[in-house]
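# Architecture and fold: a report
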Amino acid sequence: MFKYIKEQIKLIKKKDPAIKRSIEVFLYPSFKALLYYRLSHYLYLKRFYFIARYLSEKAKRKTGIEIHPGASIGKNLFIDHGSCVVIGETTIIKDNVTLLHSVTLGGTGKEKGKRHPTIGNNVFIGSGAKILGNITIGDNCKIGANAVVLKNVPNNTTVVGIPGKIVKSAD
């Protein structure tokens, strides 16, 4: 856990130019939410579902960030500001992902089983974006602010608008 905390401090200092001292990281809601998530996810995997959900609900009330303990989150997730972020139960987030405030990684209500998105490596998701359903956002993608994405997005792509449309692709 101490190694994880040190990595988070380093990541937040790198990503947020407003931070002046390492101790400030402990004031960040995203730092707290991800600590709660790591513990609740561990408990969830051990089938302590009630305690895991209790911790995730406590984190949501304290931080405004809702991360289901069943979600799978890789290394170096950075949630900037964090208020109103929602990450659903079957969401998979790979490494080096940045989420801004009010992002939803949710379901459509029409699916069973895997019903939340998979987010690739090195993805940036702008504030207010909604990525819904069992879809995949490829590696090295950018999702614009307030975009609503309901379909798979290939690698190295930028998506904006409602509904989300590809505006830039490296392919």
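Look a little higher up for the structure.
These remarks concern the structure in this document. (Residues numbered from 1 in each chain as written. Predicted model: local features only at pLDDT ≥ 70, side-chain atom pairs only at ≥ 80, totals over all residues. Heavy atoms only, no water.)

Right, let's get into the sheet that holds strand β5 (residues 92–93). Spatial ordering of the open sheet is given by β2-β5-β8-β11, a layout of four strands whose pairing is parallel. Edge positions in the sheet fall to β2 (72–73) and β11 (136–137), since each has one partner strand and no second. As judged from the two bridges shared by β5 and strand β8 (residues 118–119), these two strands associate in the parallel manner. Counterpart to I93 in the pairing with β8 is I119. (Pairing = 2+ DSSP bridges. Helix = DSSP H or I, 4+ residues; strand = E, 2+ residues; numbered from the N terminus.)

Our next topic: the pairing of strand β14 (residues 157–160). Here is the key point about a regular strand: its side chains alternate between the two faces of the sheet. Where strand β12 (residues 142–143) meets β14, two bridges bridge the pair, whose relative direction is parallel. Each residue of the ladder has a partner; that of K142, found in β14, is T158. Here four bridges tie β14 to strand β15 (residues 165–169), and the two strands are oriented antiparallel to one another. Residue pairing in the sheet places T157 in a bridge with S169 of β15. Between β14 and β15, which follow one another and run antiparallel, lie four residues, and G161 among them has a positive phi close to 95 degrees.

Moving on to the pattern of salt bridges. Scanning the model with the defined rule gives four salt bridges in all. E57 is paired through a salt bridge with R53; the nearest N and O atoms lie 3.5 Å apart. Placement of the pair is E57 and R53 together in helix α3 (residues 49–63), with a separation of four residues, close to one helical turn. Here K60 makes a salt bridge to E57, at a shortest N to O gap of 3.0 Å. One end of the pair is K60 and the other is E57, both in helix α3 and three residues apart, which spans about a single turn. Using a relative accessible area of 27% as the deciding quantity, one classes K60 as partly exposed. Because the salt bridges share partners, they merge into one network encompassing R53, E57, K60 and E66. (Salt bridge = Lys/Arg side-chain N within 4 Å of Asp/Glu carboxyl O. Buried < 20%, exposed > 50% of the residue type's maximum accessible area, 1.4 Å probe, protein only.)

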